[in-house]
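Below, each chain spelled out in residue letters.
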Amino acid sequence: MILGTWRIARSEASHFSFSSLAQAAIVAGLVLPVLMLLAVQNGIVQDLRAHLESTPENLRLRPTSAVSQDDAWYVQWSSDPRVGFLAPHTYSNADDVRLVNTGGEMITMALLASGDGDPFLPQGIPVPGPGDAVITNALAERIGAQVGGEIVLQTDCQDSTTPTHSLRVTGIIRPSVWYSRGALVDLDFMRQLYFCRQGYQSDLLGASGDPQPSAISYPRFRMFAARLKDVRPLASALESEGITIRAQFATADLADSIERTTMLVLLALIVVMLGGAVIALLAAFQSDARRMRPHLATLQMEGMSRTETCGVLIFKGLLVSTPGAVIGGLIYFAVVAGLNLLIAQDPLPFETHARLTPAMFTLVCSGTVALAVLAAGLAALNTFPDSPLETQNAN
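Residues numbered from 1 in each chain as written. Predicted model: local features only at pLDDT ≥ 70, side-chain atom pairs only at ≥ 80, totals over all residues. Heavy atoms only, no water.

A. Expanded view of helix α4 (residues 71-78). What α4 keeps buried is the set Trp73, Tyr74 and Trp77. Taken end-on, α4 shows its buried residues confined to a sector of 95 degrees, consistent with a single buried face. Looking at the buried side of α4, the elements it contacts are β2 (83-89), β9 (220-225) and α7 (231-239). (Buried < 20%, exposed > 50% of the residue type's maximum accessible area, 1.4 Å probe, protein only. Helix = DSSP H or I, 4+ residues; strand = E, 2+ residues; numbered from the N terminus. Arc of directions from axis to C-beta. Contact = heavy atoms within 4.5 Å.)

Next comes the structure, spelled out in structure tokens:
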């Protein structure tokens, strides 16, 4: 009987083609805008956030004045999932050192401690070890250094038998990340340089003097949030400890505002269009059900059950909503292709295109078909009585 029910539904759908096309258009009209807004949210909005987060300065939190924090403080904050990277400064700013150029010229450069997750590190370059340095492009051009070469630092240590120290160049930082002359080095090297300059002993740098203190308080730090949405919460948490923070709050707020607005528009669109589509589909299928009652009453007299009569309208809902979802999907692909072509011709400041994952596309289309089938089922249950006699009386 399922095959017979399907044939009746197919006959109804083809015989009353205008009504079927109208129902398919309702489904397509629901699928298309939802797919488009999701494609913009999943593609362009997320790419904008990724672009903003790829600029380290947008994630940076700077203390506005000197602090005094020990190693335990850094261990505690480094374990916070909102922190993408954290390293101390042994001085109130980057540690300035002099570099001995190949021609004997002294060049001032800045040293920063690096580590896992450092956004200044070029992609694919490992964290510098005790004898390594990742230098800026400005420094590389100034001294003609290349990856695999060496830089020689003037340590300025007290009571040192070796006034210079060599570091191997393992990478070069692009100017958009750090434009001045400087280098990323291992934190332990920074500590040893600080100790030897303060008159303490350092075997690494060949300096004699008093034994190194067991603890050190750092006056500055270099902190980056893991994500833009973490910038404000981190700043608030640090300020609750009395550390005033300067950061790119406007950029973080802009990204959150765009994402939040897009989601609100999407939710409003879904709610409004979903409600309108359900009402329109219910009315359309209700009209179909009333028109089909006399014919189905005769079939009920011949032994068709109420479940099977309801199945006729449900199958029709499936027959008209599936092409509607397919049409909406095809129009979506055409519109997205046009939008992406416009973006390619007049590109945004970041690489992007509107897109959806196959899973999201399938979920929207199949969910809309299921909604139409549900509307058809509700219309059938509301219209078709339990017995053929009731159907005849209703007519």
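B. Expanded view of the state of the cysteines. One pass over the full model with this rule turns up 1 disulfide. Between the sulfur atoms of cysteine 157 and its disulfide mate cysteine 196 the distance is 1.8 Å. Between cysteine 157 and cysteine 196 the sulfur-sulfur dihedral comes to about -45 degrees; the bridge is accordingly left-handed. Taken together, the residues span a long stretch of sequence, with cysteine 157 in the loop between β6 (150-154) and β7 (164-173) and cysteine 196 in helix α6 (residues 187-197) at a distance of 39 residues. Overall, the relative accessible area of 14% leaves cysteine 157 in the buried class. (Disulfide = S-S within 2.5 Å.)

C. Main features of empty space enclosed by the protein. Taken as a whole and judged by the stated rule, the model has 1 cavity of 30 Å³ or more. Estimated volume of the largest cavity: approximately 30 Å³. Lining the largest cavity are Val45, Leu48, Arg49, Ala255, Ile258 and Glu259. At the level of elements, α2 (17-53) and α8 (249-301) are the ones that each hand at least two residues to the lining of the largest cavity. Within the lining of the largest cavity, the residues separate by chemical class into 4 nonpolar, no polar and 2 charged. (1 Å grid on protein atoms, 1.4 Å probe; cavity = no way out; pocket = protein on both sides within 12 Å on 5 of 7 lines; lining within 4 Å. Points joined across faces, edges and corners; volume = space filled by probe spheres on them. Nonpolar A, V, L, I, M, F, W, Y, C, P; charged D, E, K, R; others polar.)

D. Summary view of the sheet that holds β9. One open sheet holds the 4 strands; their spatial order is β2-β9-β1-β10, and the pairing between them is antiparallel. Every interior strand has two partners, whereas the edge strands, β2 and β10 (245-247), have only one. In this sheet, adjacent strand axes meet at a mean angle of 25 degrees when their direction is disregarded. Where strand β1 (residues 60-63) lies against β10, 3 bridges are found, and the strand directions are antiparallel. The residue bridging proline 63 from the neighbouring strand is isoleucine 245, located in β10. (Pairing = 2+ DSSP bridges. Axes fitted to C-alpha atoms, helices over the stretch in contact; angles between N-to-C directions.)

E. Here's a closer look at the environment of serine 114. Along the chain, the position of serine 114 falls in the loop between β4 (106-113) and β5 (132-136). Distance from serine 114 to aspartate 256, taken between C-alpha atoms, is 29 Å for residues 142 residues apart in sequence. For serine 114, the residues in contact, after removing those within four places along its chain, are Phe85, Leu121, Pro128, Leu184, Val185, Leu187 and Arg222. Polar contacts involving the side chain of serine 114 include one to the side chain of aspartate 118, which spans 2.8 Å. (Polar contact = N/O pair within 3.5 Å; in protein donor to acceptor, adjacent residues only side chain to side chain.)

F. Fine view of unusual backbone geometry. In this structure, aspartate 156 is a non-glycine residue whose phi angle is positive, near 55 degrees. Mapping aspartate 156 onto the fold places it in the loop between β6 and β7. Taking relative accessible area as the criterion, aspartate 156 reaches 36% and is therefore assigned partly exposed.

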